[in-house]
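What the coordinates show
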Amino acid sequence: MAAMTSSARPHLNRRLAEFGTTIFAEMSALAVTTGSINLGQGFPDTDGPEEVREAAVRALREGRGNQYPPGPGIPELRTAIAAHQLSRYGLSYDPDTEVLVTAGATEAIAASLLALVEPGDEVVALEPYYDSYAASIAMAGGTRVPVTLRPHSAEEAGFRLDLDELRAAVTDRTRLLLINTPHNPTGTVLTRAELAAIAELAVERDLLVVTDEVYEHLVFDDAEHVPLASFPGMRERTVTIGSAGKTFSFTGWKVGWVTAAPELVAAVRAVKQFLTYVSSGPFQYAVAEALALPDSYFEEFRRSMLARRDILAKGLAEAGFRVFRPAGTYFITTDIRPLGEKDGFAFCRALPERAGVVAIPNAVFYDDREAGAPFVRFAFCKKEEVLREAAERLRAL
Ligand SMILES: *Cc1c(COP(=O)(O)O)cnc(C)c1O
């Protein structure tokens, strides 16, 4: 009993004991109590397109999706997802057997890992990783094997994947590669050559690949998003995950999806039906319409996020941070060492008092906390005036 009462979370099982409340809750609470600008959690402070919001209202009023939608997702949305993959990437998926709608990308990730990983299997994932990956691998009883992205010596190159390290991380126990591009939190977009090498490795070692591409529409400058599923030998072994939350700025709707070969979709669906079964009924109709928006929407969305990136990047650089200019996502990772700091946790806990801004220590995205210690993440999916004000406040450092 002593052991139980001395534990902060006595009831959480051992597989998940390391996953208590997330840093996001702590930092968001700090933002409120200190009146700080919250650049911690990555959600936009402006809703997505009015016509998409209205489409949800219409669906709700007309009684579409107010009762359990079909388990795999409504046909209109599955068709729209397939059309999106075909028109953007030339990837052809059958809406009936190769597309599955999920409760956000988060459920897609969890269901994929629970479906495809046996206890004891190794899952190789890019570190720093999105926080749900480690928990989902643990829920599946898998062992995570991080491959760490590291800052390239060339300032502009940002964080890069070492392909030799990736290759070395694969063992006979490796079941799947969990890839994320554009990459949160570093903003790295894997190049065509890097993706080709990952694909070759997956084929050679006969690995499954789960690829989180929720930021597919947020790539900047010369970067290009290329789905891993489009490389030779990959279509049949790759589960591709997308989400409306990031692309259409409705993160609360939780509409995500999986595209993959029929056997993989069937496996993920088998798990998904016992997690949520279905979700987001009326929003599914709205997202089906959103995916059919003209190219101009996607271009304008990208352009506006690029402008915001540049405002925040400039402000951070002027405040003394080393800025890794992101080629994708809506996050900027910085190095705090030029400010004479080395512990991102301590820095982020003090930042609200010091400057009235909240950020996230990247160490939370690492198994190797040392490797992540000097890095801090700022979200720029906020109004330009909010970012300007944040930049002004950070000058105080
Ligand atoms: C936000 C995010 C998700 C979660 O997406 P939802 O659709 O909100 O569940 C998944 N992966 C990455 C990398 C993210 O940044």
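Identification of the chain as Probable N-succinyldiaminopimelate aminotransferase DapC from Streptomyces yokosukanensis is taken from an unreviewed UniProt entry. Word for word, the UniProt comment on the chain under Cofactor (unreviewed entry) is "pyridoxal 5'-phosphate". Taken verbatim from the UniProt record of the chain, the Function (unreviewed entry) comment is "Involved in the lysine biosynthetic pathways. It catalyzes the transfer of an amino group from L-glutamate to N-succinyl-2-l-amino-6-oxoheptanedioate (N-succinyl-2-l-amino-6-ketopimelate) in a PLP-dependent reaction, yielding as products N-succinyl-l-2,6-diaminoheptanedioate (N-succinyl-diaminopimelate) and 2-oxoglutarate."

1. A closer look at the domain arrangement of the chain
For the chain, the domain assignment lists domain 1 (19-48 + 296-395) and domain 2 (50-292). With 36 residues of domain 1 at the interface, the matching set in domain 2 holds 43 residues. For the pair domain 1 and domain 2, the summed buried surface comes to about 3400 Å²; carbon and sulfur atoms form 59% of the total. Its largest share of buried area at the contact with domain 2, domain 1 owes to Phe298, Thr329 and Phe365, together 19% of the area lost on that side. Put simply, domain 1 and domain 2 have 3 salt bridges between them. Among the salt bridges present, the one from arginine 53 reaches aspartate 47, with a minimum N-O distance of 2.9 Å. Elements supplying a minimum of two residues to the side of domain 1 that touches domain 2: helix H12 (295-319), strand S11 (322-324), strand S12 (331-335) and strand S15 (375-379). In terms of residue count, the dominant contributor to the side of domain 1 that touches domain 2 is H12 (7 residues). Classifying every residue of the side of domain 1 that touches domain 2 gives 20 nonpolar, 8 polar and 8 charged.

2. Section: the packing of aromatic side chains
Aromatic ring pairs are described here by two measures, namely the spacing of the ring centres and the angle between the planes. Under the criterion given, the structure shown has 18 aromatic pairs. Their ring planes at 15° and their centres at 4.5 Å tell us that tryptophan 253 and phenylalanine 283 sit as a pair that is stacked. Of this pair, tryptophan 253 sits in the loop between helix H9 (244-248) and strand S10 (255-259) while phenylalanine 283 is found in helix H11 (residues 281-291), placing the two residues 30 residues apart along the sequence. A relative accessible area of 12% means that tryptophan 253 is categorised as buried.

Reading guide: rules and limits
- Residues numbered from 1 in each chain as written.
- Predicted model: local features only at pLDDT ≥ 70, side-chain atom pairs only at ≥ 80, totals over all residues.
- Heavy atoms only, no water.
- UniProt positions renumbered as here; feature names shortened; annotations may be inferred.
- Domains from an automatic or database assignment.
- Contact = heavy atoms within 4.5 Å.
- Buried area = accessible area lost by both parts, 1.4 Å probe.
- Salt bridge = Lys/Arg side-chain N within 4 Å of Asp/Glu carboxyl O.
- Helix = DSSP H or I, 4+ residues; strand = E, 2+ residues; numbered from the N terminus.
- Nonpolar A, V, L, I, M, F, W, Y, C, P; charged D, E, K, R; others polar.
- Phe/Tyr/Trp six-rings, centres within 6.5 Å; stacked < 30°, edge-to-face > 60°.
- Buried < 20%, exposed > 50% of the residue type's maximum accessible area, 1.4 Å probe, protein only.

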